[in-house]
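# Descriptive analysis of the structure
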Amino acid sequence: MLNRKLRIISLLMGILAANALLPGGALAQGFVSRESLDEWFYSRLLWGVFVGAFFGVFVGLVHLCRLQFQIDALHVNSQARRKFAMWSLVILVVGGLLLFLDAWLLFPFSAVSLQFGEALTQVWANYRTLLIIAATWAAFGLAVVVATRMKSDCRCRYAFFPGPHGK
Amino acid sequence: MAENYLIAIGGTGSRCLEAVIYLAAAGLFQDPLHVLIIDPDQNNGNSVKARTLVTNYHALHLARQPEQAEKKKSFARWEKLPAPSQFQAALNVRGGDAGGQHSIFWHNPNAAQRRFGEVIQYQAQTEELKNFLDLFYEPADLEMVLDVGYRGRTNVGAVALKQDLERTANVPQGGLREFLEKLNIRLQAEEARIFVMGSVFGGTGAAGLPTIPQLIDNLPSEVISLDNRTRIRYGCAMMTPYFSFPKGGDANGGPGTDSARHAVATQAALLHYAHVPPGYQHVYFIGAPARPQTNASNVAGGQGQTNEPHYAELVAALSAWQFFALPHVPAGNSQLHFADTVNDKSDIGVNWKTLPVNPENTRSRDAIKRGLTVFTTMAYFYKNFLYDRFINGQQYEEAGWYRDNFGELSLDHDIPVLQHLYEFSKSYLTWLAKVGETGKSANLRLFRTGELLESDPALADRHLGSLLDDPMSSTARLSDMGFHDIYAKLDKLKLRQPGTNSAAGLFIFMLHHAVSEFCQENYAWGK
């Protein structure tokens, strides 16, 4: 179990490192202009923050606040944190995938659609993608914290934000 | 506030008292109770058990629950919660001394090896009187050591007990004096009710039942004035044979006890009471058609005489409850109460419909069912899911309900009270399960007693929502994840303020509220 986790973490770190190192090479080919890339970045950054926040409120209220109490614990805080980590992973993976599909199939870069390889190397494999995903995750996290803390009967109201402490 | 007086005589009386304590814990008794166990067998197993239970109860009673709690409803709206009901009846609480308690046990002042012959000073009597006494007592009776009570000999008990009680009516810290003092103070202001519980088939109970009104009547006027005595109303639960035990030998160094003689002894006692009415205004006549064994061996008395409980004791406790709840008891009026489980010529067994409560008052019947169900569910929940985590890891510190409501209060300081609650819960559930076992022959259907002692948390979780055995609630949606359902209700409970300085009291109050809400939904009870 631990080995599996380590493998997944190593893989993710590898992808992130590759992402960070690739931009120079990708831009060097010159098919996608810096302006288009910036335009894509700012547009998706806003969307990412919005979707992340929306998703955060949704996950917080519909899932985390309603976690079931298990007979082996008197609170759901640890369970909520585990679920939050799971959703964070989902955000990273799905966010990355959606950004790639967006670059490949949806966003009109200078009115032309990119090929698979072009979308991958020239747009997706870029530090901007990381920034969008990070901003999305941050918005998601913030929304989860606020939503779970603000809902008075939320079962994990003190899991992410400090509250009164029992003596 | 009315104050009631309860006397439990002998082992059977103690067993009935145990049931009274459980009903008080469940909230059926609210007014202060002054209790006295009269048992010359000072180490009787059932009496010792009742005394231990009273200690647990008293600690839980002292954990003050909030009187006027309000819970958050939505935004700035608050809803007033009902006043606490569980553990509210004070048992023998001493006035002006916070936490003090009068003894609930009558202290037998005699040496353990005293023989009955010494009580009546047989050897000192003239030959003529000895011959007369021989008509009433066998040589074995005269030689009988009274260390474990009267071994089913009513003729022995009637003399010895009356003498001993009269002798101790003025002895400080003996139990009886404090009981009478308290009674006298109450009688200055208003009428007082005394309820006596005991068997009419044994030695101590049958001897003590007619003795109590007579004893009080014969007291010197300094103890209770003549005027005050007219304000006493008496009720009693006369327990007729309802259990048996194996036939024994003569191992205890005296005449043995034999449950086969119970029916004859009862007949004789009742015949005597018919000729010489004992002076009770309300007599609750209680028995059971089948007499299951409630002890695996024949024990004349002492610690080994710990009989298992029986539903007849629950009925006796309910009769005390009803007697104390009567709006008016006229002095010259005498009533005999009895009930059966026959409906349209068929015996439908002991269930919520036939449990003897004031028959006209269906609301009371419902109140008993709900009160006991909530208390049973709460005890089960606490014992199986909370106690271990409270004691071994203080896991409540991270819980939302604790962080929201306890403020400066800490359960860490109330660990002994939490232990009392555990002991009490365990004792109650065991008692209820055994009542179920001994009541099998009477088709007893009150709770699913086979599941009450479940200790596997996963199975207990499944049983928690279906402990009540009531055909009337067959349409209810019975939860199979009771832990979550109750705990979620506890978790979202937010009080405006703790309203008490007892963390354990606040916890009991909140848990009771959560369990009440759960039972209301789970069993589809109307408001």
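## Considering the overall build of chain B
Helix and strand counts for chain B stand at 18 helices and 10 strands. Relative to the compact-globule value of 24 Å for 527 residues, chain B shows a C-alpha radius of gyration of 24 Å, a close match. Dimensions along the principal axes, computed over C-alpha positions, put chain B at roughly 90 × 50 × 45 Å. Put simply, chain B has 527 residues, and 48% of those count as buried. For chain B, contacts bridging at least 24 residues in sequence account for 79% of all contacts bridging at least 6.

## With respect to the pairing of strand β6 (residues 232–239) of chain B
Residues and elements named next belong to chain B. Counting buried positions along β6 gives seven out of eight residues, so the element sits mostly inside the fold. When β6 meets strand β7 (residues 282–286), the two strands line up parallel, connected through five bridges. From the neighbouring strand, cysteine 236 faces β7, where its bridge partner is valine 283.

## Notes on the environment of B:Phe245
All names here are of chain B. Within the secondary structure layout, phenylalanine 245 lies in the loop between β6 and α11 (262–275). The exposure class of phenylalanine 245 is buried, given the 20 C-beta atoms found within 10 Å. Sequence separation of phenylalanine 245 and leucine 386 is 141 residues, and the distance between their C-alpha atoms is 38 Å.

## Remarks on the confidence of the model for chain A
All names here are of chain A. On average, residues of chain A score 83 in pLDDT, and 80% of them are at 70 or above. Within chain A, the lowest mean pLDDT, 42, falls on helix α2 (residues 23–28), and the highest, 95, falls on helix α6 (residues 127–150). Under a pLDDT of 50 for its full length, residues 20–30 has, in the predicted model, 11 contacts with residues more than four places off or in other chains.

## Focus on helix α3 (residues 34–63) of chain A
An α-helical turn contains 3.6 residues, so a residue and the one three or four places further along point in the same direction. Compared with an ideal rise of 1.5 Å per residue, which puts 30 residues at 44 Å, α3(A) spans 40 Å between its outermost C-alpha atoms and is within 8% of the ideal. For α3(A), the full list of buried residues reads A:Trp40, A:Arg44, A:Gly48, A:Gly52, A:Ala53, A:Phe55, A:Gly56, A:Val59 and A:Gly60.

## Details of the packing of helix α1 (residues 10–25) of chain B against helix α2 (residues 45–62) of chain B
All names here are of chain B. At their nearest, the axes of α1 and α2 sit 8 Å apart, and the two run at 20° to each other. The angle between the axes of α1 and α2 places the two elements in the roughly parallel class. When you trace α1 past α2, the crossing you get is left-handed. When α1 is examined against α2, the residues Gly11, Ser14, Arg15, Leu17, Glu18, Ile21 and Ala25 are found in contact with a partner set consisting of Asn46, Ser47, Lys49, Ala50, Leu53, Val54 and Tyr57.

## Here we look at the domain arrangement of chain B
All names here are of chain B. For chain B, the assigned domains read domain 1 (4–62 + 87–109 + 154–338) and domain 2 (364–522). Listed per partner, the contact involves 20 residues of domain 1 and 19 residues of domain 2. Considering every element that reaches the side of domain 1 that touches domain 2, the biggest residue donor is α2, with five residues. When its residues are assigned to classes, the side of domain 1 that touches domain 2 shows 14 nonpolar, four polar and two charged.

## Details of unusual backbone geometry
Residue and element names in this part refer to chain B. Backbone geometry at glutamine 121 places phi at a positive 50°, although glycine is not the residue there. Note that glutamine 121 resides in the loop between α3 (116–119) and α4 (127–134). Residue class for glutamine 121 comes out exposed when judged on the 8 C-beta atoms lying within 10 Å of it. Of note, asparagine 443 is a non-glycine position whose phi angle comes to about 50°, a positive value. Looking at the secondary structure, you find asparagine 443 in the loop between α15 (415–438) and α16 (457–463).

## Remarks on the environment of B:Leu314
All names here are of chain B. Tracing the sequence through the fold places leucine 314 in helix α12 (residues 311–325). Owing to 28 C-beta atoms within 10 Å, leucine 314 belongs among the buried residues under this scheme. Taking C-alpha positions, leucine 314 is 9.7 Å from leucine 432, a pair spaced 118 residues apart along the chain. In this structure leucine 314 touches Ala19 and Val435, once residues within four positions along its chain are discounted.

## Points about the nonpolar core
For soluble globular proteins, nonpolar side chains are generally found buried alongside one another. Ranked by size, the top nonpolar core spans 173 residues in total, and within it B:Met197, B:Cys236, B:Ala316 and B:Ala320 carry the most contacts. Built from parts of two domains, this core gets at least three residues from each of domain 1 (4–62 + 87–109 + 154–338) and domain 2 (364–522) of chain B. Those residues within four positions of B:Cys236 in sequence are excluded, and the remaining contacts are B:Phe195, B:Val196, B:Met197, B:Leu209, B:Tyr280, B:Val283 and B:Tyr284. Of all hydrophobic cores here, the second largest spans 12 residues; its members include A:Ala103, A:Trp124, A:Ile132 and A:Ile133.

## Focus: helix α4 (residues 77–106) of chain A
Those residues of α4(A) that fall on the buried side of the exposure criterion are A:Ala80, A:Phe84, A:Trp87, A:Ile91, A:Gly95, A:Leu99 and A:Ala103. Among the structural elements, α3, α5 (116–124) and α6 of chain A are those in contact with the buried residues of α4(A).

## Focus: the packing of α3(A) against α6(A)
Angle between the axes and distance between the axes are the two parameters that describe a pair of packed helices. All names here are of chain A. In the contact formed by α3 and α6, the axes pass within 7 Å of each other and the chain directions differ by 25°. By the angle between their directions, the pair α3 and α6 is classed as roughly parallel. Considering how the two elements wind past one another, α3 and α6 form a crossing that is right-handed. Looking at the contact of α3 with α6 residue by residue, the class counts come to 20 nonpolar, seven polar and two charged.

Reading the values: the criteria
Residues numbered from 1 in each chain as written. Chains lettered and ligands numbered in written order. Predicted model: local features only at pLDDT ≥ 70, side-chain atom pairs only at ≥ 80, totals over all residues. Helix = DSSP H or I, 4+ residues; strand = E, 2+ residues; numbered from the N terminus. Rg over C-alpha atoms; globule rule 2.2 N^0.38 Å. Buried ≥ 20, exposed ≤ 12 C-beta atoms within 10 Å, placed from the backbone. Contact = placed C-beta atoms within 7 Å. Pairing = 2+ DSSP bridges. pLDDT = per-residue confidence, 0-100. Expected span 1.5 Å × (residues − 1). Axes fitted to C-alpha atoms, helices over the stretch in contact; angles between N-to-C directions. Parallel < 35°, antiparallel > 145°, perpendicular 65-115°, else oblique. Left-handed = near helix turned anticlockwise from the far one by under 90°. Domains from an automatic or database assignment. Nonpolar A, V, L, I, M, F, W, Y, C, P; charged D, E, K, R; others polar. Core = buried A, V, L, I, M, F, W, Y, C linked by C-beta atoms within 7 Å.

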